[in-house]
Amino acid sequence: MRMYDIITKKKHGEELCEAEIREMIAAYTKGEIPDYQMSALMMAIYFNGMTDKETAILTDAMASSGETVNLSEFGELAVDKHSTGGVGDKTTLIVAPIAASLGCKVAKMSGRGLGHTGGTVDKLESFPGYNTSLSREDFFAQVRSTGIAVIGQSENLAPADKKLYALRDVTATVDSIPLITSSVMSKKLASGAGTIVLDVKYGSGSFMKTAAEAETLAQKMVDIGTACKRRVAALITNMDTPLGHNIGNILEVKEAIDTLRGNGPADLTEVCLSLASAIAHLALGISFAEARARAEESIRCGAAFGKFVEWIAAQGGDSSLTLNPSRFPVSKYSYEVCADKDGYITHMDAEKIGLASVELGAGRATKDAVIDHTAGIILSKKTGDAVRTGEVIATLYTNDESAVQRAKLELLSGIEYGDVAPAEDRLIHKIIGAT
Ligand code: URA
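Since we're looking at a predicted model, the values are computed, not measured.

1. Observations concerning the side chain of serine 277
By the secondary structure assignment, serine 277 is in helix H12 (residues 266-284). If sequence neighbours within four positions are ignored, serine 277 has contacts with Phe288, Ala291, Arg292 and Ala295.

Written out as structure tokens, the structure reads:
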């Protein structure tokens, strides 16, 4: 195999064969192919795509590039959830305890925030003591006893994806459907869960800008997972505007606690109940309607919240904060942003609001940046709301006073006003693989 020939083939839109894909991934993982050649191939794939067969082989080659987790002792009850990334997306904190309270075993590796999107591991580290790197034995023991363990991505899980994702991030080749499919599904397959539910986002805060693109991506991921004998469903959900009202780690944890106690915002509650229902439907083999009824009851009767408290405590976190969230630290500065006209908010751009929260310290501009868990934004108004001049639309929280003006300008650049209320956007465009 010569990498030059593979690049040339893809440059001309030809299909790569199985041996070429497998050898190339193995060699790249071992450091035998330089980044400049792999970058050229990624760009050729970006423009010329891959067939379903090529995408499936690439996914499998990446999944087998490192260690894999064997969750077979839990069978279909072992569940994993993945979001393609968003702003204010704290769904794992809510969905995992709902699913565990219904008898599922949530064994999950999560990522950190990068760019305008947040990451579950950062949110969980809002709890002092929470251990995101359990040993393999402790991870399994906690899944058995508590029904949930959520840790950071192990270094050697799908290492080919780690290298490729870092390369794609700096070569403008992230937003390619076959490359996202293979990246996400290689990690999900290597993580070992029998049941996988994907939250595929579309809109301004997402890689996929339209529902149609997100649907194509979702269908490909479901097909690959199903071909690998996993039970897979995908929800295609709106990320044009942030999910819920709170953006930033501690602020999002507080909103997750409210939601688990039955007092969450309607959009966040609906997405979480739908994700949890899809998980329970597939893992427990019950109808979607039955799964939905059980998920709602789990919140109503406090079982989901109780499971959340148990999970945080089991993983070493200060669970007294779950019962008394006002004890979380707060940022030194808060600053209200007000409407400068009367009318309706017709659009709140999720990406720009996410970037404003990064300015405040809630996210990372670079991979190694340190985040401020108290920083973030609370949106008092969202798309569709009527506003009057001078009314507060958002509050910014930070420990870095110098960031406030930059964040305010970024936030305001993402807000559009109009004289009439916009048509209501669908929150959940479609569910694939669960009925
Ligand atoms: N998330 C991933 O894990 N991989 C991608 O390629 C895009 C989003």
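So, next bit.
2. Examining the domain arrangement of the chain
Taken as a whole, the chain is organised into domain 1 (3-49), domain 2 (72-323) and domain 3 (330-418). Look at where the C-alpha atoms of domain 2 and domain 3 centre, and you get two points 25 Å apart. Contacts between the two partners involve 27 residues from domain 2, matched on the other side by 27 residues from domain 3. A per-residue breakdown of the area domain 2 buries against domain 3 is headed by His116, His245 and Ile247, which together make up 26% of the total. Linking domain 2 with domain 3 are two salt bridges, by the criterion used here. Here aspartate 122 makes a salt bridge to arginine 364, at a shortest N to O gap of 2.8 Å. The tally of links from domain 2 across to domain 3 stands at 13 residue pairs in polar contact (both at pLDDT 80 or more).

3. Section: the nonpolar core
In terms of nonpolar packing, the biggest core is built from 75 residues, with Ile98, Phe308, Trp311, Ile377 and Leu411 touching the most fellow members. Here this core takes eleven residues from H12, the largest share from any one element. Both domains that furnish three or more residues to this core are identified here as domain 2 (72-323) and domain 3 (330-418). Leave out the neighbours within four places in its chain, and phenylalanine 308 touches Leu93, Pro97, Phe127, Ile257, Leu260 and Thr322. Within the second largest apolar cluster, 23 residues are counted, among which are Ala27, Tyr28, Met62 and Ala160.

4. Some words on helix H2 (residues 18-29)
Helix length check: H2 (twelve residues) gives 17 Å between terminal C-alpha atoms against 16 Å at 1.5 Å per residue, within 8%. Taken residue by residue, H2 has Glu20, Ile21, Met24, Ile25, Ala27 and Tyr28 as its buried positions. Relative to the axis of H2, the buried residues are bounded by an arc of 165° and lie together on one face. One or two positions beyond H2, positive phi appears at glycine 31, with a value near 85°.

Here is what the cut-offs are and how they apply
Residues numbered from 1 in each chain as written. Predicted model: local features only at pLDDT ≥ 70, side-chain atom pairs only at ≥ 80, totals over all residues. Heavy atoms only, no water. Helix = DSSP H or I, 4+ residues; strand = E, 2+ residues; numbered from the N terminus. Contact = heavy atoms within 4.5 Å. Domains from an automatic or database assignment. Buried area = accessible area lost by both parts, 1.4 Å probe. Salt bridge = Lys/Arg side-chain N within 4 Å of Asp/Glu carboxyl O. Polar contact = N/O pair within 3.5 Å; in protein donor to acceptor, adjacent residues only side chain to side chain. Core = buried A, V, L, I, M, F, W, Y, C linked by side-chain atoms within 4.5 Å. Buried < 20%, exposed > 50% of the residue type's maximum accessible area, 1.4 Å probe, protein only. Expected span 1.5 Å × (residues − 1). Arc of directions from axis to C-beta.

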